[in-house]
Every structure is written in C-alpha cells, then in structure tokens.
Amino acid sequence: MPALTQIGTSGIKDNAITTVKIVDGTIVAADLADGAVTTAKLANNAVTDDKSTITVSPTAISDQANTSTGYFDIPSGTTAQRPSSPNSGYIRLNTTIGSLEFWNNGSWSQTNYVPTINSVTGSIISGVAGNLTIAVTNATATMDVIYKEGATTLATTAGVNFSSGSATVAIPANVYGQTTGDTITISVVDNLGVPSINSINKTIAAEATGGTITRAGGKTIHSFTSSGTFTIPSGSTFSCDILVVAGGGGGNPAGGGGGGGGAGGFRKFTNQSLGAGARTVTIGAGGAARTGTYVTATNKGNTSKFDDGGGGEIAATGGGGGKSDSTSGAVNNGGSGGGGSGGHKTTGGTGNEGGYTPPEGNNGGNGSASNYAAGGGGGAGAVGANGAAPVGGAGGVGVSDSITGSAVFYAGGGGGGGINSGGTAAGGNGGGGAGSSVNSGTSTNATANTGGGGGGGPGGGNSTSGAGGSGIVIISYTP
C-alpha cells in the first residue's frame, strides 16, 4: 500500500496533492468553506491568469472612499499624444501646457488657468527696432515672451509686466535682425511656468525707402518735404494711403491791399496697391513773395506729384496767387484760388483748377474796392473770406488729416491785405500766412510743407506780401 505513505497520523503531508492530481472542475467554490483558502496557503504563482477570472463592478471602484495620503496616478502625455477618439470624461495630464485636462462637449478643457494669446499687434521689420503689443487671456502679472524660428529659440524677454492682460514689449535685436520673409512664432509662459496654449506667427517684413521715415499705429510713414524717390523692395506689395499737397500761392501787394494766396491743392487716396519699384515724388514750391504796388509777375504755387508706378501720377495743382491791382487771368486760379485785391481786381480766383472729384480746393474771397480790403485765399476746407474794412478777409481753412499718426492741418489760404488799420487778416488753419493792413508793411509767409497760401500785402505804398508754403507728399502703409 505505497499510496498511503502520504497520509500520516496528522493528515495529508505538504505537497501530497498537486494540481496535476485534481481533475478539472472537481473542486468548485461551493465546496470551499468561507476563508478556507488564504494567501498563506497558496504557493507563489499558484494562481495564473489562465486559471482565474476576476469580475469587478463599476461601483466597487468608483463609489469607494479612498483614504490614501499618497497619490493617484493618471495618464500623462503631450498635446500631440492626446487620444485620437476621446469620450466624455477622459482625464489626463497634458505635459505640454502643464495642466490637467478633460474631454467634454467635443473639446479638451483645462483645470488650470492656461494663458491664451488673443492677438499680437505691430510689425517685425527687418533691421528696424520696434515694439509689439500682446493681449493674453489668463495672463499673470508678469510673463516671459518667447520668440522662435522653427524649433530654435531666438530670444526670450523675461518678466514682462502685463496690465489687464496686455503688454507692449520691445522686439529683441536677434528677432528683427532675421531675414525678410522669415516666420517668427511668439508664445508666452506665465509666472507659474505654464506655457500659453497657443502661439501666434509674425512674418518679418521689409520697408520701402525714401523721404523721412516715421512709424505710428503699426504703420510706416514716408514724408517727402523735397522731391525724391519712393522705392518698394523686390517681392513686396503694400496697400498705401497717399497724401499729395501742392505748393501754396504767394500773396500779392496792391494799392488797396493785395489778395491772399490760395492754398495748394489737397488730394488724399487710400488703399492703393503698390508693387515693387521706384516712384518719383515731386514737391511743388510755394509762390514767391512780392514787393511793390502794381505787381504783374505771377506767383502761383507749383504742382506736387506722385508717380503711381503704372504710367500715371497723382497730382495736386499749385495754389493761385493773390491778386494785385494789375494781375488778371489764370495766375489767380489754382488748387485753391487767390483772393481778390482791395482795389481794381476784386474777384477772387477759382479753385479746383484740376477739375478733380472730390475737389482739391476752393475759391478765393472777393476784395472790396470801396473799403480797400482784399479777399483771403481759398483753403482746401473752405472758401476765402471776402475783404471788409478795416482788414482783408481771412484765409480759408485747410483740411485736418492724420496720415502721420497725428492730426495735422494742411492747405490753409492766406489772409488778405488791408490799408490804414494796422490790423491783420488771419491765414487759414493749415499754414496760411496772415495779411497785413499796416501801410508799407510786410505780411506773413505761409508755413513750409503745408501748402498754405501767403498773406496778402498791405496797401498804401511799397509793401511786401507773404510767400506761399511748399507742398508735401506722405505715404503710409502697414509693412
């Protein structure tokens, strides 16, 4: 009876019964008393996956208290590693933005306040220092601004102060020193180390050359106070605003007071598409001042022009000279007409000589022969005032324009001359010179590069009128 050797007085010896000696299904759960099988009675690896099935209900996991003071490990990964087909309730740590996030209503939502860049205004111009204004939702008081080209970090401006989610920051030299056409990626990191959820790209732009260059409101402005060339670099096309103002007419002296000079023509064009190439800019000179009583020489202002690059030009007509007792004809007509004299030639000159729509200027005021008071020169914004004793008529007001980034008046008419009163007739706002009424006195020149008309000379002797102001051409665009 060798089989009984495994059964002793105290029971069955250890390891006497193995799994290979038990027929499958012989022992079932109902055959085991509660607590009969403990971990101490199971050899290591005795129960394997193919011999066990563990069924756990959702409530056994979800509706249980967890008193651990350790951690709960959830999946983590970059933005690029997000599940491709998530379901509502998925939760994970996004290591790209440093925040827990969950999928709900068709998108990922973050539990942290993650910065979001709303806009970056301003241009990065190759070789030119400048500023950018960055607007951010969920901004902290200070943030780092990061500039990259591809995967390469070009510069970081640390600790930028944000107020109400906005900051203006100087563009680092290593950024604007890159080549025209390069793409710069701008992002931010808050003071907790959380990076912005998005970034904004800016392309490095080029500027045109010519004139005096200033910048305002994200635009580059070229102001020509003398003739020159405006050149747009190869490969660039700009949408330009263009202001052309002609030279103002000079005032004239006369026995009963000379007419004020008419303002140079004022013309403004917006959203003009200009491609690469060089364009000629011509600045019209103002009409000359005159000395005497019966002056016959013309002192009309000169035309200003901008070559449009397509075989045409944008031109503004020079202002008409103020009338003396001897002038007549077209010399008193112009962008705005010169004022009539206070003696024999009282009718003011005609404005908008170029026949443009909208008009480039207005008529000059009429003189008064009975009162010896000359008319004021017309301005781009209004006709010149008629002369009335004891002084000449005021010059017509010019037009205010903000192409430079600030409001400036251009093309005001010159005031008319009078006699014996000692007073003055104001030039129109926009550089117009004042007309004097002091016998044998001198009237005021118009302001240079405004296209203003010169003041009319006083009557009663060998007086001197004011010269007209030179014109100007201004081009503005966003690089």
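Up top is the structure these notes are about.
Residues numbered from 1 in each chain as written. Predicted model: local features only at pLDDT ≥ 70, side-chain atom pairs only at ≥ 80, totals over all residues. Heavy atoms only, no water.

(A) Spotlight on the overall build of the protein. Counting secondary structure elements, the protein contains two helices and 28 strands. By residue count, 43% of the 479 residues in the protein fall in the buried class. Considering only contacts in the protein between residues 6 or more positions apart, those separated by 24 or more positions represent 53%. Total accessible area computed for the protein in this model is approximately 22,800 Å², and 50% of it derives from carbon and sulfur atoms. (Helix = DSSP H or I, 4+ residues; strand = E, 2+ residues; numbered from the N terminus. Buried < 20%, exposed > 50% of the residue type's maximum accessible area, 1.4 Å probe, protein only. Contact = heavy atoms within 4.5 Å. Areas by Shrake-Rupley, 256 points an atom, 1.4 Å probe, with all protein chains shown as cover.)

(B) Spatial organisation of the pattern of salt bridges. Enumeration over the complete set of coordinates arrives at five salt bridges. Of the charged contacts, one joins Lys-268 and Asp-401 as a salt bridge, the two residues approaching to 2.8 Å between their closest N and O atoms. Of this pair, Lys-268 sits in strand S18 (residues 266-274) while Asp-401 sits in strand S23 (residues 399-401), and the two are 133 residues apart along the sequence. When its relative accessible area of 31% is taken as the criterion, Lys-268 is described as partly exposed. A relative accessible area of 10% places Asp-401 in the buried class. Within the structure, one salt-bridge network assembled from shared partners comprises Arg-82, Arg-92 and Glu-101. (Salt bridge = Lys/Arg side-chain N within 4 Å of Asp/Glu carboxyl O.)

(C) Expanded view of the environment of Ala-446. Mapped onto the elements, Ala-446 comes out in the loop between strand S26 (435-436) and strand S27 (463-464). On a C-alpha basis, the gap between Ala-446 and Ala-411 in space is 9.6 Å, while along the polypeptide they are 35 residues apart.

(D) Representation of the side chain of Ser-437. Inspection of the secondary structure assignment puts Ser-437 in the loop between S26 and S27. Taking relative accessible area as the criterion, Ser-437 reaches 0% and is therefore assigned buried. At 3.3 Å, the side chain of Ser-437 and the backbone nitrogen of Gly-418 are in polar contact. (Polar contact = N/O pair within 3.5 Å; in protein donor to acceptor, adjacent residues only side chain to side chain.)

(E) Structural detail: the nonpolar core. Core analysis: the largest hydrophobic core is formed by 23 residues, its most contacted members being Ile-124, Leu-132, Ile-134, Tyr-147, Val-175, Ile-184 and Ile-186. Leaving out residues up to four positions away in the same chain, Ile-186 has contacts with Ile-117, Val-120, Leu-132, Ile-134, Val-145, Ile-146, Tyr-147, Ser-199, Ile-200 and Lys-202. Core analysis: the second largest hydrophobic core is formed by 18 residues, Phe-224, Phe-230, Leu-274 and Ile-283 among them. (Core = buried A, V, L, I, M, F, W, Y, C linked by side-chain atoms within 4.5 Å.)

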